[in-house]
Amino acid sequence: MAAGEQVTLLDSWASSFGMRVRIALAEKGVKYEYIEQDLWNKSGLLLQMNPVHKKIPVLVHNGKPVCESLVIVQYIDEVWKDKAPLLPSDPYQRAQSRFWADFVDRKVFFFHLFCFLLCFEIYEHGRTILTTKVEDQEAAAKKDFIDTLKLMEGELGDKPYFGGETLGYVDVALLPYCCWFYTYENILNFSLEADFPKLNAYSKRCLQKESVSKSLEDPKKIYDFALKLRKKLGVE
């Protein structure tokens, strides 16, 4: 990083989107100031730096804000391009990487959101007395997620990373959800290790990289957070 550069990340510890940015910065070896944000009482700095969406993460580089996680990751890749490229140089391969990262956002994130809401129901009422409607929604969401993971595992194949031999853009998009898999497994009663051995091995392999392990949160801490948030939201 050039002398005199100022890099600040506005983020929240449990945010999967923020974890993407943290992995990308770690891969590039970029030092930055981390400012934790209270999402229930948004700071003046966050509102100033992201007046449109008012959301984290926001990367502030030399006073200029960049918003939306995948946009930030691409920005990081372009600005600090001398180390650990995340997007391929070939236009077709780059387009494919963007396609699969978008797929993660469209499919995995919406399942992630469903699980987040479902865990509130389980926390309040217990699994045994969930309504039939919720049970039907759970079954449909589980099937859709299983199908999504099958597609992702097929795309991964026997490669060590989605982009090939080195960690790349699609990995950065997907890996933050891995620390939520413990929550998914507890809520929807499936086993990543048993049902998706390649993805499970991939997750473990990625966690051997310091840039990943230090950027992701402990899965059990995430699960406790998801359950406790239900009370704070006051969902009935």
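For the structure itself, look to the data block above.
Below, the structure is looked at part by part. Keep in mind that this is a model prediction, so the values were computed, not measured. (Residues numbered from 1 in each chain as written. Predicted model: local features only at pLDDT ≥ 70, side-chain atom pairs only at ≥ 80, totals over all residues. Heavy atoms only, no water.)

**Some thoughts on the layout of surface pockets**
Approximately 320 Å³ is the volume found for the second largest pocket. As for the second largest pocket, its lining consists of 17 residues, and the residues nearest its centre are Pro88, Gln93, Ser97, Phe162 and Gly163. Residue composition of the lining of the second largest pocket, grouped by class: nine nonpolar, six polar and two charged. (1 Å grid on protein atoms, 1.4 Å probe; cavity = no way out; pocket = protein on both sides within 12 Å on 5 of 7 lines; lining within 4 Å. Points joined across faces, edges and corners; volume = space filled by probe spheres on them. Nonpolar A, V, L, I, M, F, W, Y, C, P; charged D, E, K, R; others polar.)

**Digging into unusual backbone geometry**
Following Ile56, the chain continues into Pro57 via a peptide bond in cis, with omega recorded as 0°. Within the secondary structure layout, Pro57 lies in the loop between helix H2 (44-49) and strand S3 (58-61). Positive phi, normally seen in glycine, also occurs at Lys54, with a value near 60°. With respect to the helices and strands, the residue Lys54 is situated in the loop between H2 and S3. Among the residues examined, Lys54 registers a relative accessible area of 37% and is labelled partly exposed. Phi angles above zero are rare outside glycine, and Asn62 is one such case at about 50°. Take Asn62: its relative accessible area is 41%, and that puts it in the partly exposed class. (Helix = DSSP H or I, 4+ residues; strand = E, 2+ residues; numbered from the N terminus. Buried < 20%, exposed > 50% of the residue type's maximum accessible area, 1.4 Å probe, protein only.)

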